Amino acid sequence: MTRTLAPTASRFVPFEQEVWQSRWERSVEMNIADSAVRHLSVHELLDEDGIERLMRLELTYPEVNGTSELRTLFAELHPGATPANVLVTAGAAEANCLVCQALLRPGDEVVVFEPGYRQVRGVAEALGAHVRVAALDPSGWRLDLDELKRLITPATRLVYVVNPNNPTGTVLSEEERTAIVRLIDSSGAWLLADEVYRGSEREGDEETPTFWSAHERVIVVNSLSKVYGLCGLRIGCAVAQEPVVDELWRRHEYLAISAAGPSMMLAEAALTQPMRTRLLDRQRAILGRGWEVVSAWISEQAGLVSVVAPAATAVSLLRVHVPLSSMEVADRIRTEESVLVIPGDLMGAPGHLRVTHGFEPNYLRSALDRIGSVLPRLA
Ligand SMILES: Cc1ncc(COP(=O)(O)O)c(C=O)c1O
């Protein structure tokens, strides 16, 4: 008798956005589906001393919870945190999974925002939780605070917020942050604040404030992937109260044992000043130029494309005014022009496409021109 891999009771659903990317990203000529700023090479990160140290690094099992230097550097980004509040993980992706595993039991309620990054939604569902979706208002992608008050109740175990948000690029206002923390306080729920895009604000010098220390039931997740252009390192972190870090650490031992040693060494180099500021400045310059290219291109599309200008992140969520689903539009763009974008349907944004503006202007412009040649055929 053949046995299927999935037990019949499993609610496992594939992470469709990632499935879309991993299935197609190696077979297209141009890929603007990414959500990170253009990546760096090792050479751009390390000087000669650093390269020498990397060459001499012993490839033993590293510190399981992360090197103390890297935990110190992550802690410094979260005022009031100490290295004991930090667990280093294989990307924010692992950190998000660990939090879900540690907190969720079948029947728990979880609140997520959409359009959004659907990792926590999918993991929570696989763990048997009931996911309730707070829809952002498409006119400006803001929260509906009344709806949120209705959704976050004493039955809620976890609220997942991505700030700045992928894919809308919106940043929560102080009023919205305060309202969320109040609801966390009154409901007894935990807040998982995914802050991988903190530092990608297009205007002003201020970084989006962290939720860290806003409440004892806040867990913050961050990573080197997005604003630092180092997604290939697969380094992230969870920042939480020490007993929570212990719970995550116990699960990390099952899942990964530890993050990779060479990656942690490179992550230390990235977060050590003045390199950190240099990387953030590089990223903001790329995003500024990229956004100019995207907005100029939109103005040439004869009303077929519109956008709510993203305040942060490396992504633009384009509304496409054609009578096809975003899956169909993205498929036509992929098959007819060999360009990969993310169909909004996979992120709770029907009628939209997500493209990066974190790449070089010429590359971006060529990819967008290819899209521009397809859209009139679909209108
Ligand atoms: C909001 C959000 N969280 C987490 C991740 C995973 O990031 P990492 O590369 O650090 O695992 C992503 C990647 O797209 C993301 O957009």
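Look up a bit, the structure's there.
Here is what the cut-offs are and how they apply
Residues numbered from 1 in each chain as written. Predicted model: local features only at pLDDT ≥ 70, side-chain atom pairs only at ≥ 80, totals over all residues. Heavy atoms only, no water. Helix = DSSP H or I, 4+ residues; strand = E, 2+ residues; numbered from the N terminus. Rg over C-alpha atoms; globule rule 2.2 N^0.38 Å. Buried < 20%, exposed > 50% of the residue type's maximum accessible area, 1.4 Å probe, protein only. Areas by Shrake-Rupley, 256 points an atom, 1.4 Å probe, with all protein chains shown as cover. Lys, Arg positive; Asp, Glu negative; His and termini not counted. Charge placed at Lys NZ, Arg CZ, Asp CG, Glu CD. Near = heavy atom within 4 Å. Polar contact = N/O pair within 3.5 Å; in protein donor to acceptor, adjacent residues only side chain to side chain. Nonpolar A, V, L, I, M, F, W, Y, C, P; charged D, E, K, R; others polar. Salt bridge = Lys/Arg side-chain N within 4 Å of Asp/Glu carboxyl O. 1 Å grid on protein atoms, 1.4 Å probe; cavity = no way out; pocket = protein on both sides within 12 Å on 5 of 7 lines; lining within 4 Å. Points joined across faces, edges and corners; volume = space filled by probe spheres on them. Pairing = 2+ DSSP bridges. Contact = heavy atoms within 4.5 Å. Axes fitted to C-alpha atoms, helices over the stretch in contact; angles between N-to-C directions. Expected span 1.5 Å × (residues − 1). Left-handed = near helix turned anticlockwise from the far one by under 90°.

## Section: the overall build of the chain
Then, in step 1: Per the secondary structure count, the chain includes 13 helices and 13 strands.
Then, in step 2: What you see for the chain is a C-alpha radius of gyration of 21 Å, in line with the 21 Å of a compact globule of 379 residues.
Then, in step 3: Taken over the C-alpha atoms alone, the chain extends approximately 60 × 55 × 55 Å along its principal axes.
Then, in step 4: Looking at the chain residue by residue over its 379 residues, the buried ones come to 54%.
Then, in step 5: When the accessible area of the chain is evaluated, it comes to approximately 16,700 Å², of which 52% is carbon and sulfur surface.
Then, in step 6: Each charge sign in the chain was given a centre, from 37 positive and 50 negative side chains, and these centres are 4 Å apart.

## A closer look at the site of the ligand
Then, in step 1: Taken together, the neighbourhood of the ligand is formed by 15 residues, with Asn166, Asp194, Ser223, Ser225 and Lys226 sitting nearest.
Then, in step 2: Lysine 226 places a polar side-chain atom, nitrogen or oxygen, 2.6 Å from an oxygen atom of the ligand.
Then, in step 3: No other element matches the 4 residues that helix H5 (residues 91-103) contributes to the shell around the ligand.
Then, in step 4: Of the residues contributing to the shell around the ligand, the split by class is 6 nonpolar, 6 polar and 3 charged.

## Concerning the pattern of salt bridges
Then, in step 1: Tallying each qualifying case throughout the model produces 19 salt bridges.
Then, in step 2: A salt bridge links glutamate 147 to arginine 150; its shortest N-O distance comes to 3.8 Å. You can see glutamate 147 and its partner arginine 150 sitting in helix H7 (residues 145-151), 3 residues apart, about one turn around the helix.
Then, in step 3: Since its relative accessible area comes to 52%, arginine 150 is described here as exposed.
Then, in step 4: Each of Glu114, Arg118, Arg121 and Glu125 takes part in salt bridges that share partners, so that together they form one network.

## Here we look at empty space enclosed by the protein
In this approach the atoms are scanned with a rolling probe the size of a water molecule, which exposes any empty space left behind.
Then, in step 1: Following the criterion strictly, the structure yields 3 cavities of 30 Å³ or more and no others.
Then, in step 2: A volume near 110 Å³ is recorded for the largest cavity.
Then, in step 3: Taken together, the residues of the lining of the largest cavity sort by class into 8 nonpolar, 3 polar and 2 charged.
Then, in step 4: Space inside the second largest cavity adds up to approximately 60 Å³.
Then, in step 5: Going through the elements one at a time, strand S3 (109-114) and strand S5 (156-162) are the ones with two or more residues in the lining of the second largest cavity.
Then, in step 6: Its residues placed into classes, the lining of the second largest cavity shows 6 nonpolar, 2 polar and 3 charged.

## A word on the sheet that holds strand S13 (residues 352-356)
Then, in step 1: Read from one edge of the open sheet, 4 strands run S9-S10-S13-S12, paired in antiparallel fashion. This sheet does not close on itself; its edge strands, each paired only once, are strand S9 (305-307) and strand S12 (342-343).
Then, in step 2: Helix-sheet contacts for helix H12 (residues 326-337) involve S12 and S13, and the interaxial angle to S13 is about 45°.

## Observations regarding helix H8 (residues 174-187)
Then, in step 1: Compared with an ideal rise of 1.5 Å per residue, which puts 14 residues at 20 Å, H8 spans 20 Å between its outermost C-alpha atoms and is within 8% of the ideal.
Then, in step 2: Among the residues making up H8, those that are buried are Glu176, Arg177, Ala179, Ile180, Val181, Leu183, Ile184 and Ser187.
Then, in step 3: Residues of H8 that are buried make contact with S3, H7, S5 and strand S6 (190-194).
Then, in step 4: At the C-terminal side of H8, glycine 188 shows a positive phi close to 90°.

## Concerning the packing of H5 against helix H9 (residues 242-255)
Then, in step 1: At a closest axis distance of 9 Å, the pairing of H5 and H9 adopts a crossing angle of 115°. Crossing of H5 over H9 shows right-handed handedness. Residue-level inspection shows Glu94, Leu98, Val99, Gln101 and Ala102 of H5 in contact with H9, the latter providing Glu247, Leu248, Arg251, His252 and Leu255.

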